[in-house]
Amino acid sequence: MDTRLARNKLTDLMAAFTGYVGKHLPTDVLDKLAELRAGETSPLAAAVYDSMFENLAAAARLDRPCCQDTGAIQFFVRAGARFPLLGDLAGILTDAVRRATIEAPLRHNAVETFVEKNTGDNTGSRAPWIEWEIAGSGDPGQDEAVIEVYMAGGGCSLPGQAKVLMPAAGYEGVAAFVFDVVASYGVNACPPLLVGVGVSTSVETAAMLSKRAILRPLGSRHPNPDAARMELLLENGLNRLGLGPQGITGNATVLGVHLESSARHPSTIGVGVSVGCWAHRRGTIRIGADLSHEVLSHKEASL
Amino acid sequence: MKRILTTPIRDDDIEDLRVGDVVYLNGRIVTCRDVGHRRLIELGRALPVDLRGLAIFHAGPIVAGDGDRWRMISVGPTTSMRMEAYEDRFIAQTGVKLIVGKGGMGEKTAAACARHKALHAVFPGGCAVLAATEVQDIESVHWEDLGMPEALWVCRVKEFGPLIVSIDATGANLFAANRARFEEKKAPLVEEIGRQVRFIK
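Residues numbered from 1 in each chain as written. Chains lettered and ligands numbered in written order. Predicted model: local features only at pLDDT ≥ 70, side-chain atom pairs only at ≥ 80, totals over all residues.

Enquirer: Give a description of the environment of Ala 227 of chain A that names residues and reports values.
Expert: All names here are of chain A. Mapped onto the secondary structure, Ala 227 falls in helix α8 (residues 225-241). Taking the C-beta count within 10 Å as the criterion, Ala 227 has 19 such neighbours and is therefore assigned partly exposed. When the C-alpha atoms of Ala 227 and Leu 194 are compared, they prove to be 17 Å apart, with 33 residues separating the residues in sequence. With residues near it in sequence (within four places) discarded, Ala 227 still touches His 222, Leu 259 and Ser 261. (Helix = DSSP H or I, 4+ residues; strand = E, 2+ residues; numbered from the N terminus. Buried ≥ 20, exposed ≤ 12 C-beta atoms within 10 Å, placed from the backbone. Contact = placed C-beta atoms within 7 Å.)

Written out as structure tokens, the structure is:
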């Protein structure tokens, strides 16, 4: 395939996938919402869950974004060094966002900072935001790319916080920080929430890990047994706060809690918290060297 | 049976409603969020729509052109707390009777709801297509220079809801009460978890 044709083909695919992610929740999130709906005993909270499912059905039927806030779009790319369109990928993803904005359609959510004008096409300086990871030499698929599309609305972006604790605060301080964020700002972020926690050296590494944490499939666990146990402790504890859907109180607060960590400087405990709303619009797609694709996040996706 | 409010809303239509009640709206609701509020309150610019007896929606929609008209595609509530700095003066100046958004609002808005007989209500967040299907028509748009999310979209709605009353006309505040409850539960939970995560030894 010549490069121009290949470029167009991948732009078409990523525009379609970006639009699709705005209209359909991933399978793991749908399953979890159904489980929480079944476990809800407050009639008002149950009625809110019913509105959510009614909304998702209407979005699918009418082919529309299930939430009007289609986010400032982010891509997390993990690509092998021999993926044929690696150098073109940033341009392709930017063009795909422009196309999806018209075709899906998506809300115009890029205000150029300092210029204070909405660009009208969801692109601008560093928009869409793209994070890169190079697949290691030991990984299979050196000629493949796995791309996560994530659209978080303003509501669930607002609670995000990071700070650097002194070592004396310990993991106890990490837990307290998570509770402070969720108890104070959680109600505005459209609970039940997916809470991502990053533990690292400094604010930016902890914050980025907390975002990567909410891109993990729901219910997956940190490989370290203590970290995995802490994920469960935080999940159960936050659920006992009982925010309920939309913060009107109920039996659940979270879809889950995911922790990501790095080795860190001995003098600091950087902690970041990112929050995803119940309409957690995350999509994962694998692109082969021949531009064949497989959607990993949505069981019944057709593009 | 559904309790339905119809615009223009009068004081005695809403005085008996209490936090936690569920209502629906017929009539006119206008989207108005951050910059719409800022223009009226901080910049002193007159709103291009007379809101007396009407409803506002803290929301920034996705709309699509349809010939010379507009069609509502997706319109869910945004975080109402962002408008807390302005809302008491906004209620006093405009005579708006129903504010729809998500999450709660603060003490100043609750006081203004009591003084001027108004409500804040929550439309379930993220349920934007459900809301769009309850918009019958976009009658007009104002301040389009603000872009799609911030412009004022004047919508005619039918049985728009569910709307969960979060501040009633006595000034009672559902989310303030909930928040106090969450804060109260927080400390013992944090202590209990803290005891189990002392991994630094």
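Text resumes after the structure shown.
Enquirer: Explain the sheet that holds strand β5 (residues 145-151) of chain A to me, and be specific about the residues and the numbers.
Expert: All names here are of chain A. Spatially, β4-β1-β5-β10-β11 is the arrangement adopted by the five strands of the open sheet, whose pairing is mixed. Single-partner strands in this sheet number two, and they are β4 (129-134) and β11 (293-295). Adjacent strand axes in the sheet meet at a mean angle of 20 degrees, parallel and antiparallel pairs treated alike. Bridge analysis of strand β10 (residues 281-287) against β11 gives three bridges, and the strand direction is antiparallel. Following the sheet pairing, Ile 285 is matched in β11 by Val 295. Along the sheet, helix α1 (residues 3-23) makes contact with β5, β10 and β11, crossing β10 at roughly 155 degrees. (Pairing = 2+ DSSP bridges. Axes fitted to C-alpha atoms, helices over the stretch in contact; angles between N-to-C directions.)

Enquirer: Pulling in residues and values, what's your account of the pairing of strand β9 (residues 152-167) of chain B?
Expert: Residue and element names in this part refer to chain B. Of all 16 residues making up β9, twelve are buried, and the element is well covered by its neighbours. The sheet contact formed by strand β7 (residues 119-122) and β9 spans three bridges and is antiparallel. Bridging from a neighbouring strand, His 120 pairs with Ile 167 of β9. Summarising the sheet, strand β8 (residues 135-142) and β9 pair through six bridges and their orientation is antiparallel. Residue pairing across strands places Ile 138 opposite Cys 155, the latter belonging to β9.

Enquirer: Hey, could you go over the packing of α8 of chain A against helix α6 (residues 174-196) of chain B for me, with residue numbers and the actual values?
Expert: For the pair α8 of chain A and α6 of chain B, interaxial distance at closest approach is 9 Å and the crossing angle is 160 degrees. Compared by their axis directions, α8 of chain A and α6 of chain B come out roughly antiparallel. For the pair α8 of chain A and α6 of chain B, the crossing hand works out as right-handed. Residue-level inspection shows Leu 233, Leu 234, Gly 237, Arg 240 and Leu 241 of chain A of α8 of chain A in contact with α6 of chain B, the latter providing Phe 182, Lys 185, Lys 186, Leu 189, Ile 193 and Gln 196 of chain B. Residue classes in the contact of α8 of chain A with α6 of chain B are distributed as six nonpolar, two polar and three charged. (Parallel < 35°, antiparallel > 145°, perpendicular 65-115°, else oblique. Left-handed = near helix turned anticlockwise from the far one by under 90°. Nonpolar A, V, L, I, M, F, W, Y, C, P; charged D, E, K, R; others polar.)

Enquirer: Go over the interface of chain B and chain A with me, naming the residues and quoting the values.
Expert: Contacts between chain B and chain A engage 46 residues on the former and 49 residues on the latter. Those elements that provide at least two residues to the side of chain B that touches chain A are β4 (62-66), β5 (69-74), α5 (128-133), β9 and α6 of chain B. With twelve residues, the single largest contributor to the side of chain B that touches chain A is α6 of chain B.

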